[in-house]
Amino acid sequence: MSTLPAETHAEARRHRFIFISVIAMLLLNIPADIFALGWQSAAFNTFLVLAIFIGWAIRHQDRVLLGWLLFGATAGVTELIADWWLVNETTSLVYPQAELIESPFYMPFAWTLIMTQMLGIAHWLHHRMPALFAALITALICGVNIPLYEHLADDAGWWYYQNTPLFFSAPYYIILGEAFIGLPLVAFAARLKEANYQRSVLLGALAGLSILVFYMIAWWLVGPCEGAVLPVSCD
């Protein structure tokens, strides 16, 4: 009979920090939505929270969190391929400005934070339930939490979607794709616990490529206004 991993003091402290950061980042982004502060607010909030993450990890000499950040950064850079596909092939994603291929310069850093936070949640869940259940709940959380930023982004002027069925401001395929992205995070977290930075880069690149694959599958299922496997009206 398998046993769940015991949570150390350092892990509990890291998990608390992750949960607080999720709530704080959401609250920090709400004024940008209310006052339509534009892409500058997205960049400012992203770099502010990222600096806090790095400072916290250095202060507590948390090599595991630094490894998670490296994982997230590599995934964020690799995710630029997915952004290119969303902008050019689906024509559903529109950025008001783009400096990195088809993405804003802050986007890889935003993904760094999102992936690190979701990785931390997956790791926390894995301490409390079997891996399969932890993976499913992580997927559910990703499918709810990350699309919240899609709603904020539209009114804030960060980016928006077109030519695809929307649930408020979030496309159905993005909601589904984000849920898919959450599925392997428990497995990634289990392999990153040894704070091997080379492994963080390799797994981060794999995670970034998987984002493209998951978005492609989600687009095929529910993305187009016409021709989706599970059609949803754009009206």
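Comments concerning the nonpolar core
- Trp 158, Trp 159 and Tyr 215 are the most contacted members of the largest nonpolar core, which has 66 residues in total.
- Top element by residues in this core is helix H5 (residues 107–126). It accounts for 11 residues.

Thoughts on the packing of aromatic side chains
- For the coordinates displayed, the defined rule picks out 15 aromatic pairs.
- A centroid spacing of 5.9 Å and a plane angle of 80° characterise the contact between Trp 39 and Phe 105, whose relative ring orientation is edge-to-face. Pair noted here: Trp 39 is in helix H2 (residues 39–59) and Phe 105 is in the loop between strand S1 (93–94) and H5, with a separation of 66 residues, a long-range link.
- The class of Trp 39 is partly exposed, set by a relative accessible area of 29%.
- Considering the side-chain rings of Phe 167 and Phe 168, the 4.9 Å spacing of their centres and the 85° angle between planes classify their relative orientation as edge-to-face.
- By relative accessible area, which is 40% here, Phe 167 ends up partly exposed.
- An aromatic cluster is present here, built from Trp 39, Phe 47, Phe 105, Tyr 106 and Phe 109 joined pairwise through their rings.
- One cation-aromatic arrangement involves Arg 14 over Trp 68; the distance from NZ or CZ to the ring centre is 5.4 Å.

Some points on the state of the cysteines
- For the structure shown, the criterion picks out 1 disulfide.
- For Cys 225, the disulfide goes to Cys 234, at an S-S distance of 1.9 Å. Every disulfide takes its handedness from the sign of the S-S torsion; for Cys 225 and Cys 234 that torsion is -95°, giving left-handed.
- A relative accessible area of 33% places Cys 225 in the partly exposed class.

What to know about the packing of helix H8 (residues 185–192) against helix H9 (residues 197–222)
- Put simply, H8 and H9 touch, their axes get as near as 10 Å, and they point 170° apart. One way to sum up the angle between H8 and H9 is to call them roughly antiparallel. Taken together, the residues of H9 that come into contact with H8 (itself represented by Phe 188, Arg 191 and Leu 192) are Arg 199, Ser 200, Leu 203, Leu 206 and Ala 207.
- Across the contact of H8 with H9, the residue classes tally to 5 nonpolar, 1 polar and 2 charged.

Some thoughts on a nonpolar patch on the surface
- A cluster of nonpolar side chains, contributed by Ile 23, Leu 27, Ile 30, Ile 34, Phe 35 and Leu 37, occupies part of the molecular surface with about 610 Å² of accessible area.
- Looking at where Leu 27 falls in the secondary structure, it is placed in helix H1 (residues 9–35).

Conventions and cut-offs
- Residue positions are counted from 1 within each chain, in the order its sequence is given.
- The predicted origin of the model limits local features to residues at a pLDDT of at least 70 and limits the giving and counting of side-chain atom pairs to 80 or more, whereas totals for whole chains, interfaces and linings rest on all residues.
- Heavy atoms from the whole structure form the basis of all side-chain values; hydrogens and water molecules are not counted.
- Here, the term nonpolar core denotes a set of buried Ala, Val, Leu, Ile, Met, Phe, Trp, Tyr and Cys residues that are joined through side-chain atoms within 4.5 Å.
- Between buried and exposed lies partly exposed: a residue is buried under 20% and exposed over 50% of the maximum accessible area for its type, with that area taken using a 1.4 Å probe on protein chains only.
- Only DSSP runs of H or I covering at least 4 residues are called helices, and only runs of E covering at least 2 are called strands; the numbering of each starts at the N terminus.
- Pairing of aromatic side chains requires ring centres within 6.5 Å, counting the rings of Phe and Tyr and the six-membered ring of Trp. Pairs whose planes differ by under 30 degrees are stacked, by over 60 edge-to-face, and all others tilted.
- Should the NZ of a Lys or the CZ of an Arg lie within 6 Å of a ring centre and within 35 degrees of the ring normal, that charge is described as sitting over the ring.
- Criterion for a disulfide: a pair of cysteine sulfur atoms within 2.5 Å.
- In this analysis an axis means a line fitted to C-alpha atoms, helices contributing only their contacting stretch, and an angle means the value between N-to-C directions, from 0 to 180 degrees.
- We call two directions roughly parallel when the angle between them is under 35 degrees, roughly antiparallel when it is over 145, roughly perpendicular when it lies between 65 and 115, and oblique otherwise.
- Only heavy atoms matter for contacts: two residues are in contact if any of them lie within 4.5 Å across the pair.
- Lys, Arg, Asp and Glu make up the charged group, whereas Ala, Val, Leu, Ile, Met, Phe, Trp, Tyr, Cys and Pro make up the nonpolar group; the residues left over, Gly among them, are polar.
- Patch rule: a residue counts if its relative accessible area is over 30% and it has no salt bridge; like charges are joined within 9 Å, and nonpolar side chains (Val, Leu, Ile, Met, Phe, Trp, Tyr) within 5 Å.
- Throughout, the Shrake-Rupley method with a 1.4 Å probe supplies accessible areas, and for residues the shown protein chains are the sole cover considered.
- Take a side-chain nitrogen of Lys or Arg and a carboxyl oxygen of Asp or Glu: if they are within 4 Å of each other, that pair is a salt bridge.

Nothing here speaks to function; it is all geometry.
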